[in-house]
Amino acid sequence: MSREELLSPGADPIERAEETTLRPRRLDEFVGQERLKEHLEILLAAARQRGQAVDHLLFAGPPGTGKTSLAGIVAAELGVALRVTSGPALERAGDLAAILTNLDDGDVLFIDEIHRLPRAVEEVLYPAMEDFQLDIVIGKGPSARSIRLDYYEAEDLVTILERAAGILGVPLESEGAREIAGRARGTPRVANRLLKRVRDYAEVRGDGTVSAQTARAALTLFEVDERGLDKVDRSILTALCETFAGQPIGLNTLAVAVTEEAETVEDVYEPFLLKEGMLQRTPRGRVATAAAYAHLGLDVPAQTAGGPSLFQP
């Protein structure tokens, strides 16, 4: 075996077979990733208490760090079957439909390399995840206009959260709703997702009521800060402010630095950071603003001679 093969994080077919017997079966057997394990303990315990499936989970990280093992652990902890596929294997919407329609109630479906999922399959997967329905369209319809939706105000999100709490049977105090709304990135889907996470925390570590204090504690545990930034958002800002010392950086370089796909950085994370005034796109690359430095508790560096005016409030 060459040095390159020895240090490669990918697994060959023989290793994959051997890893099946080496993988931990339960969460308490999984070594490392303590914060992630704490998150999963709460989510899984809450799901068991309600007798429901756990919410959708996204495991991200370099090859060989335990994503498949964690998927198996989730299934084992809930006592359900695990079905495994991969993004490249799902070439058509019908491939995904065949798998989804053969799942039993509560089964865990693990899609490895989901970032390689074809766009046509993505468009079927996301409605299935959100609405638990499959919409397969054959052929092409007439041209349609595009309507751009703005981010929601916090008060509107509070109303949405109160309605969702009523449907889910979650005791939600008004200040708890405001705490969640303030961290929901102006997006109803994010607000409802955070509500479910806080509900899980309240059921496992509290009395089941979502108060402001419970919401703050839960969202701090799940690494969603008071502005709604998560771990990846802060990694992007840290890379811009510290790793690259405030210099303009290209999208691909930034994506590598935070171990995310360039498309994910550009489409998922950058729009909110731009809205919050923490990031700018310039002809020379991405740069952090004074607001980003302030949010991270860092001093704004002196402006380089001849550089663009990046750090004005």
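Residues numbered from 1 in each chain as written. Predicted model: local features only at pLDDT ≥ 70, side-chain atom pairs only at ≥ 80, totals over all residues. Heavy atoms only, no water.

**Points about the environment of Arg48**
We apply this condition: In this description a helix means any DSSP run of H or I spanning at least four residues, a strand means any run of E spanning at least two, and both kinds are numbered starting from the N terminus. Between two residues, a contact is recorded if the distance between any of their heavy atoms is within 4.5 Å. Whenever two N or O atoms come within 3.5 Å, that pair is a polar contact, provided that in protein one can donate a hydrogen and the other can accept it, and provided that, for residues adjacent in sequence, both atoms are side-chain atoms.
Inspection of the secondary structure puts Arg48 in helix H3 (residues 34-50). In this structure the C-alpha to C-alpha distance between Arg48 and Leu78, which are 30 residues apart in sequence, comes to 6.8 Å. Discounting chain neighbours no more than four positions away, the residues touching Arg48 are Glu77 and Leu78. A polar contact of 3.4 Å, which involves the side chain of Arg48, links it to the backbone oxygen of Glu77.

**A look at the confidence of the model for the protein chain**
Heads up, the rule is: pLDDT is defined as a per-residue confidence score from the predictor, taking values between 0 and 100.
Per-residue pLDDT for the protein chain has a mean of 85; in total, 85% of the residues score no lower than 70. In this model residues 143-148 is a low-confidence stretch, pLDDT under 50, and it forms zero contacts with partners more than four residues away in sequence or in other chains. Within the model, pLDDT remains below 50 along residues 304-313, and this stretch shows 19 contacts once partners closer than five positions in the same chain are excluded.

**Considerations on the pattern of salt bridges**
Test applied: By salt bridge we mean one thing: a side-chain nitrogen of Lys or Arg within 4 Å of a carboxyl oxygen of Asp or Glu. Between buried and exposed lies partly exposed: a residue is buried under 20% and exposed over 50% of the maximum accessible area for its type, with that area taken using a 1.4 Å probe on protein chains only.
A full pass over the atoms with the stated rule returns 28 salt bridges. Salt-bridge contacts for Arg83 lead to Asp107; the nearest nitrogen and oxygen are separated by 3.4 Å. In this pair, Arg83 is assigned in strand E1 (residues 82-86) and Asp107 in the loop between helix H5 (93-100) and strand E2 (108-112), connecting sequence segments 24 residues apart. Accessibility expressed as a relative area gives 29% for Arg83, which makes it partly exposed. Taking the relative accessible area as the measure of exposure, Asp107 reaches 16% and is therefore buried. Here Arg185 and Asp233 are joined by a salt bridge, their closest N and O atoms 2.5 Å apart. One end of the pair, Arg185, is in the loop between helix H8 (174-181) and helix H9 (188-205); the other, Asp233, is in helix H11 (residues 231-243), and 48 residues separate them in sequence. Here the salt bridges share partners, and the residues they tie into one network are Arg50, Arg199, Asp200 and Glu203.

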